[in-house]
Amino acid sequence: MTYDLIIIGGGPAGSAAAVYASRKRLSTLFITSEWGGQSVVSEQIFNWIGTNSLSGNELAQNFKKHVVANSGAGQTLEVKEGEKVTAVEPLGSEFKVKTESGGEFLAKTILICTGSGRRKLEAKNADALEHKGLTYCASCDGPLFEGMDVAVIGGGNAGFETAAQLLAYCKSVTLLHRSENFRADEITIEKVLKNPKMKAIKNVEIWEIKGDKFVEGVIYKDKATGAETELKVSGIFVEIGQVPNTGFVKDIAPLDEYGRIKINPLNQKTEIPGIWAAGDCTNVLYHQNNIAAGDAVRALEDIYLAIHTK
Ligand SMILES: Cc1cc2nc3c(=O)[nH]c(=O)nc-3n(C[C@H](O)[C@H](O)[C@H](O)COP(=O)(O)OP(=O)(O)OC[C@H]3O[C@@H](n4cnc5c(N)ncnc54)[C@H](O)[C@@H]3O)c2cc1C
């Protein structure tokens, strides 16, 4: 069987597209490795429109419920969860999508909504001490550091949100940032820096993570003076940005210098006819849940027209 459309990814972009695809009665296969996307780790999300506040887990459950309610008997949408797409191959006027578990599926069109994942800290000993005090998830591991001194690496929204969470139970939080200006929203910066347990150090390079079995500290270098300082901490929370999940299409869809899929923002088309992309895996400005969902809906409208006017 050849589907009209295969949607890849179950964050806000892919989930929004799946609901629209079902309501437009496109025969659609939706494949995702997990539900909810990146903000699933957030304790509270305050700007998902229509909801005052909800946790990342609730957001993920809502996406799943909404998509699943539009699939199954009598519907045109089929859902495969827990499956990772490893390749998309052009096959004449169709595409073959391959998954890690050996699945192969055909479709006339593809919508890529695979978002992005964490950028890893490149400092001496960082890999060796991952999960031994160095972590990429404050919501998952933060409470383990109750009453301790910790550091957050990264001065964007994710870094400041992480610091805010940790301030609730850690003894002190020191945020280390690589440049002179923070990238987070002013209101968040102000609120977090007001806390007396909070300290922020700008313009530093993270040089080495200290510790034998567990993290004992971090050595950073002042970029202006070159001076090295060791900060004693028991936990390090890394929030230094995202890397797009686009490796599986790098040979067929043109990417920008950051590895994001190049799209036409008028209609979300990639440079390959038959493939659209939306959300954080694309080269648009600004990455937010509402933007990802909206972009995916735009893509879906365009895919529907392409299928019905071909
Ligand atoms: C810590 C944090 C907090 C944030 N807080 C907010 C906030 O409060 N408000 C806000 O608006 N935005 C927030 N954001 C940004 C927001 O989460 C993203 O902009 C949004 O998730 C992007 O959605 P997406 O659907 O494009 O991609 P993602 O959310 O990254 O979803 C991608 C999906 O694709 C799946 N996937 C990836 N690769 C494959 C593959 N090969 N095969 C199958 N499936 C795959 C993943 O499992 C995931 O389900 C936050 C981001 C972070 C990191």
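Residues numbered from 1 in each chain as written. Predicted model: local features only at pLDDT ≥ 70, side-chain atom pairs only at ≥ 80, totals over all residues. Heavy atoms only, no water.

**Re the pairing of strand E1 (residues 2-10)**
Next, step 1: Most of E1 is tucked away: eight of the nine residues are buried.
Next, step 2: Judged from the six bridges that link them, E1 and strand E6 (residues 104-112) form a sheet pairing that is parallel. Across the sheet, residue leucine 5 finds its bridge partner in E6, namely threonine 109.
Next, step 3: Note: E1 against strand E2 (residues 28-35), five bridges, orientation parallel. (Buried < 20%, exposed > 50% of the residue type's maximum accessible area, 1.4 Å probe, protein only. Helix = DSSP H or I, 4+ residues; strand = E, 2+ residues; numbered from the N terminus. Pairing = 2+ DSSP bridges.)

**Considering unusual backbone geometry**
Next, step 1: Here the phi dihedral of arginine 25 falls at roughly 60°; this positive angle occurs in a residue that is not glycine.
Next, step 2: Mapped onto the fold, arginine 25 is located in the loop between helix H1 (12-23) and E2.
Next, step 3: Positive phi values are uncommon outside glycine, yet histidine 131 reaches one of about 70°.
Next, step 4: Tracing the chain through its elements places histidine 131 in the loop between strand E7 (116-118) and strand E8 (134-135).
Next, step 5: Assessed through its relative accessible area of 67%, histidine 131 is described here as exposed.

**Examining the nonpolar core**
Next, step 1: Leu5, Ile7, Phe30, Trp48, Val67, Leu111 and Ile303 are the most contacted members of the largest nonpolar core, which totals 32 residues.
Next, step 2: Of all the elements in the fold, those that place two or more residues in this core are E1, H1, E2, helix H2 (56-69) and helix H6 (289-309).
Next, step 3: Counting residues per element, this core draws most heavily on H6, which supplies nine residues.
Next, step 4: Residues in contact with leucine 5, not counting those within four places in the same chain, are Ala21, Leu26, Ser27, Thr28, Leu29, Ala107, Thr109, Ile110, Leu111, Leu300 and Ile303.
Next, step 5: Grouped together as the second largest cluster of nonpolar side chains are 22 residues, Leu29, Ala107, Ile112 and Phe248 included. (Core = buried A, V, L, I, M, F, W, Y, C linked by side-chain atoms within 4.5 Å. Contact = heavy atoms within 4.5 Å.)

**Some thoughts on helix H5 (residues 186-193)**
Every α-helix winds through 3.6 residues per turn, so residues three or four apart in the chain are directed the same way.
Next, step 1: If you check which residues of H5 are buried, you get Thr188, Ile189 and Val192. All buried residues of H5 project into a common sector of 100° when viewed along the axis, lining one side. Exposed residues pointing more than 90 degrees away from the buried face of H5 are listed as Glu186, Ile187, Glu190 and Lys191.
Next, step 2: On the buried face of H5, the contacting elements are helix H4 (157-167) and strand E11 (198-201). (Arc of directions from axis to C-beta.)

**Brief notes about the pairing of E6**
Next, step 1: Here strand E5 (residues 94-99) runs beside E6; their pairing, made up of four bridges, is antiparallel. In the sheet register, valine 97 faces E6, and the bridge partner there is phenylalanine 105.
Next, step 2: In this structure, E6 lies alongside strand E17 (residues 275-277), joined through three bridges in parallel fashion. Bridge pairing links isoleucine 110 to isoleucine 275 in E17.

**Points about the site of the ligand**
Next, step 1: Surrounding the ligand, one finds 33 residues, the nearest of these being Glu34, Gln38, Asn47, Val85 and Asp280.
Next, step 2: Contact between the ligand and glutamine 288: an oxygen atom at 3.0 Å from a side-chain N or O atom of the residue.
Next, step 3: One of the backbone nitrogen or oxygen atoms of asparagine 289 is found 2.9 Å away from an oxygen atom of the ligand.
Next, step 4: Contact with the protein chains removes 91% of the 1,000 Å² of surface that the ligand exposes when unbound.
Next, step 5: Elements with a minimum of two residues in the shell around the ligand: E1, H1, E2, E7 and H6. (Near = heavy atom within 4 Å. Polar contact = N/O pair within 3.5 Å; in protein donor to acceptor, adjacent residues only side chain to side chain. Areas by Shrake-Rupley, 256 points an atom, 1.4 Å probe, with all protein chains shown as cover.)

**Regarding the sheet that holds E11**
Next, step 1: Pairing is parallel in the open sheet, where five strands are placed in the order E8-E15-E9-E10-E11. If you trace the sheet from one side to the other, it starts and ends with E8 and E11, each paired once.
Next, step 2: Sheet topology places strand E10 (residues 172-176) next to E11; four bridges connect them, and they run parallel. Considered in E11, the bridge of leucine 176 is made with isoleucine 201.
Next, step 3: Sitting on the sheet, H4 is in contact with strand E9 (149-153), E10, E11 and strand E15 (235-238), with an inclination near 170° to E10. (Axes fitted to C-alpha atoms, helices over the stretch in contact; angles between N-to-C directions.)

**Quick notes on the packing of aromatic side chains**
Next, step 1: Across all of its chains, the model carries four aromatic pairs by this definition.
Next, step 2: With a centroid separation of 5.0 Å and 80° between ring planes, the pair formed by phenylalanine 160 and phenylalanine 182 is classed as edge-to-face. Linking phenylalanine 160 in helix H4 with phenylalanine 182 in the loop between E10 and H5, this pair joins segments that are 22 residues apart in sequence. Of the two residues, phenylalanine 160 and phenylalanine 182, neither departs from the other in class, the shared state being buried.
Next, step 3: The residue whose ring lies beneath lysine 221 is tryptophan 207, and the NZ or CZ to ring-centre distance is 3.8 Å. (Phe/Tyr/Trp six-rings, centres within 6.5 Å; stacked < 30°, edge-to-face > 60°. Lys NZ or Arg CZ within 6 Å of the ring centre and 35° of its normal.)

**As for the packing of H1 against H6**
Next, step 1: For the pair H1 and H6, the least separation of the axes is 7 Å and the interaxial angle reads 35°. The two elements H1 and H6 meet at a crossing, and its hand is right-handed. Across the interface between the two elements, Pro12, Ala13, Ala16, Ala17, Tyr20 and Ala21 of H1 pack against Asn289, Ala292, Ala293, Ala296, Val297, Leu300 and Glu301 of H6. (Left-handed = near helix turned anticlockwise from the far one by under 90°.)

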